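Fold and geometry: a report
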Amino acid sequence: MLRLNPTFDTQKDVVSSILAKEERANIGVLEPRILSVERDGGVVYSWRGATGTTRIGKYDPHSTENKLLYTFDKQVCVSSCSLNKEETLLAVSLSQSTQGEGRFKPVSKCLTLLIEIHPINNTKVLKAVDCKVKVQFLYPKTCRTTVLESHLLLAAEDSYVDQYHIALTRQEGYRVVMQNPERLSRERVAEDFSWVQWDSDTQRLFYLTAREKHTLKCVQFFPDRNFEIMFELPLEMPKISSVTSVRFVNFGYDHYQDLKDEGLRLEVFTSPTGTMCVCYSHPVRWHKDATYTIAFVHRGCSKTFTVSLEKGSAPANLPTVHPIFIHLDYYIVVYLAGHFLHLINCRQQDLLCYSLFLSGADAHIEALGLSSEVVSMFGSRLLDARAGRMYTMDLNPDFLLELLSSDRPEAQQLAALHCMLVYLQPNPVIELKIINWISENVMSFDAFDQIQEFILASLYRISYQQCVSLDKLLPYSCVLEKKELPVALTAIPGVKCTPELLCQPIIKGKAKSMQGYWEELHHVLDRMRYFEAVPSPRFRTTLIKEDWIRFQAVMNSEKKKSPHSYRQIEENTKKVLSMVDTWRLDRRVVPLFQEEDQQQRVLVGLMVDKLREHLNRHLSRLGKKKIDLLVVNYAAKLLELVWHVLELVWQKLKLGPWVLCIKQQGSSEEWAMFHVMLRILEATKGLCLPLPPGYSTLLSVLGVRCLPRHTFLQYVDHGLLQLTEPFVSRLMTGLDNSDANEQLKFSILKRLPEHMEQKVSQRWDHPTTSACISREYVRTLLDKYSESRDSALLDYGKSSFYPDFLPLNYLAKILLNKEEQAQNPFEEQENVDVRFVEETALKQTLIKLGFEVK
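This part is about the overall build of the protein. Tallying secondary structure elements over the protein gives 20 helices and 32 strands in all. Per-residue burial for the protein yields a buried fraction of 53% across its 854 residues. Here the contacts in the protein between residues at least 6 apart in sequence split such that 60% fall between residues at least 24 apart. Total accessible area on the protein stands at roughly 40500 Å², and carbon and sulfur atoms take up 51% of it.

Given below as structure tokens:
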């Protein structure tokens, strides 16, 4: 599930460099120990040298080179270490045993040193105390190439953090030394806390106070050496055990610390998009359940999960352990080796079905065991300090595809599908496999419709990348359209979820400090409060349905359509189709966008109209032009997405242009294509989403090729297939006049609106349609133009018609005279004139008399 890609290994990247400089025989077992990872990615480590020394080095991931920083002339226990950005100062905390004898007994448990290493020169003692001390240099982002000042954080177990300002000076052109080491300026940053976390990449310090109630605070450090408390959040934390020692997170790794951990584990994760998650858990005892809480600060809520563990699955003497929290972009991973892996969606946390819970073999991560001490780092990186390795992490798409198999719970299928469509980077190979899976499992599942999910989730990802403000406004899943959620999507077997509301966070920064992440978080919290106050902020495609039904009734009626009511709708559609027309149509194999398809044009325009209205109501700050562009692009991407799916399925089934010929019976491949298209129609109809113009015609062509005639007509009667004008015209001209075909054609003509019937019947060369056309022609011509006085004074002698059939000859002369006086009402229809009427009348008479067969 979780794929770990090694990026650093002390045995591979460090040991060979050390052995090149020291004699292997004098070292024994060489075990470099990772001490810290700085903001630039450099890894600071220590090892025991050949002559009983302790050495500190740095690995540069960019040059893959190792550099010796400092050597202690005896073996020491380095509990904390940090290197400044310019690599001129080294801060080190040494743990000292107080069990010595006589005058050699150390006076303090911890000695904190500040060492000049460019070149190696003075050493200053910063602290000599009986508590743990952690050190961390700031890495400010600055444009200056030469910086003669460093800033060091010193965090003590006595519940305080100080910042030291260290002025530097150059001597002899290359030596960098402390300017006044005896009088270093320092400031108190934080105090009276029980937990503290350093965020190296963002230069933030989080700490937890508990004077009256637990309060999470955050200090932001700025490049100009200033810092400011930017954030406070009251937390309803569970009671912390009697262990009183301060807990340090991301202040390097202490290989000499007591591994016994009975208290609460807490970590804070942030992302540049304005999300913040506070994760905490109690240690897990094997005879009890695992409990952990994720507080979604950006959503104003928290969820506490209680997982039932399998009894007797671990030895009785195994110590208590904590679940591991890992930040993976849009997800928080909670991992308890040997038991479960919970992939929690921290953007869409409304329902459990968008998070993935795995147990047993599915939850196993090869590189992480029960004894692993891992730290989640920025950029989806993971540090296993005890094993001496670093990894980058990502989700395994192949495993996610396996979760789509039919033997998996539908909640897992939905979570895996949603994850691949929304959160993984676009991958044509994965997309093709998903579409193949949909085409092979085309029937809708009980809990959700996989085609609807594919469409909405794909559109959501595309739109969110264009504008993150659409997060709360666009639909991202078909499940949200359901009135009642299936039980399969609301509960995870063996997992209890308890949601709670969070207290409102306080952002305390000054106006000039409200930039970057804090500005985004402030905006996210404002939007959250707004959307909680308004009803139904997320757009529902079913809002289009009422207007769509009304427009359908007008289109199917004989009344003249109002140009005013269609003007805006048609303008919307033109904008959308103009974007579609820019695509490479010459490479397409599915014949769409080749006809007007008035119904789909109206539905496209309606969707644009409704979505634009919704966004203007809730997101007016973007401006009308920006919103119009987003909405038109959304509709265009929808049409492209459906077309793209059809293209891939069409190519998979190896179909060609012969599919459009309705004379032949369809193959099994065409039946499969018809089934997929029918399901897409059903899915989009349920959401009231438009389809590309020409979709209905192509579906009906496949239907008439693949279905028995009576079944085809049933599909038409139930609204599954549409009798579009291009399809009926193709049918009338493409099929011969055999008895079966003639019966089908008459059945179709009876189902057409009168105005369409009159139009398409002219395409069928048949005596019945010819007679109907002739009667309509005569009726229209005689009704429209009143008979003139001289119409009876016809010159029979000049007649070139049939002189032996005087009634017909007389009628023909009257009609011909009318055509000369006025415009032929049927002139836009080829070959409909007096000659056509005369020939049709004679043919009908001969058929009636039995002298000619039809």
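Relative to the elements of secondary structure, His418 occurs in helix H4 (residues 410-423). Residue classification places His418 among the buried residues on the basis of a relative accessible area of 0%. In this view, His418 contacts Asn345, Tyr354, Tyr423, Glu453, Ala457 and Tyr476; residues no more than four positions away in its chain are not counted.

Read from one edge of the open sheet, six strands run E19-E15-E16-E17-E18-E32, paired in mixed fashion. A single partner strand is all that each edge strand has here, and the edge strands are strand E19 (247-249) and strand E32 (506-507). Bridge count for strand E15 (residues 193-199) against E19 is three bridges, and the pairing is parallel. If you follow Gln197 over to E19, its bridge partner there is Val249.

Attention now moves to empty space enclosed by the protein. Overall, the coordinates contain five cavities of 30 Å³ or more when judged by the stated rule. The computed volume of the largest cavity comes to approximately 410 Å³. If you go around the largest cavity, you meet 25 residues; those closest to its centre are Trp198, Asn250, Ser376, Met377 and Phe378. Contributions of two or more residues to the lining of the largest cavity are made by strand E2 (33-37), E15, strand E20 (265-271), strand E28 (374-377) and strand E29 (381-384). For the lining of the largest cavity, the leading source of residues is E20, giving four residues. By residue class, the composition of the lining of the largest cavity is ten nonpolar, nine polar and six charged. Roughly 80 Å³ of internal volume is contained in the second largest cavity. Lining the second largest cavity are Ile438, Ile451, Phe454, Ile455, Leu641, Val642, Val645, Val676 and Ile680. Put simply, the parts of the chain that give the lining of the second largest cavity at least two residues each are helix H6 (450-466), helix H11 (624-652) and helix H12 (668-687). For the lining of the second largest cavity, the class distribution of residues is nine nonpolar, no polar and no charged.

At the junction of His118 and Pro119, the peptide bond is cis and its omega measures out at -5 degrees in the coordinates. The residue Pro119 is located in the loop between strand E8 (110-117) and strand E9 (120-129) in this model. The backbone phi angle of Thr64 is positive, close to 55 degrees, even though this residue is not glycine. Mapped onto the fold, Thr64 is located in the loop between strand E4 (54-60) and strand E5 (65-72). You will see that Ser159, though not glycine, has its phi angle at about 70 degrees, which is positive. By the element assignment, Ser159 lies in the loop between strand E11 (149-156) and strand E12 (160-171).

For the structure on display, the rule yields 24 aromatic pairs. For the pair Tyr292 and Phe340, a centre-to-centre distance of 5.7 Å together with 20 degrees between the ring planes defines the contact as stacked. With Tyr292 in strand E22 (residues 290-296) and Phe340 in strand E26 (residues 340-345), the pair connects residues that are 48 residues apart, well separated along the chain. Judged by centre distance (6.0 Å) and plane angle (20 degrees), the ring pair of Tyr460 and Tyr464 falls under stacked.

The rules behind each value
- Residues numbered from 1 in each chain as written.
- Predicted model: local features only at pLDDT ≥ 70, side-chain atom pairs only at ≥ 80, totals over all residues.
- Heavy atoms only, no water.
- Helix = DSSP H or I, 4+ residues; strand = E, 2+ residues; numbered from the N terminus.
- Buried < 20%, exposed > 50% of the residue type's maximum accessible area, 1.4 Å probe, protein only.
- Contact = heavy atoms within 4.5 Å.
- Areas by Shrake-Rupley, 256 points an atom, 1.4 Å probe, with all protein chains shown as cover.
- Pairing = 2+ DSSP bridges.
- 1 Å grid on protein atoms, 1.4 Å probe; cavity = no way out; pocket = protein on both sides within 12 Å on 5 of 7 lines; lining within 4 Å.
- Points joined across faces, edges and corners; volume = space filled by probe spheres on them.
- Nonpolar A, V, L, I, M, F, W, Y, C, P; charged D, E, K, R; others polar.
- Phe/Tyr/Trp six-rings, centres within 6.5 Å; stacked < 30°, edge-to-face > 60°.

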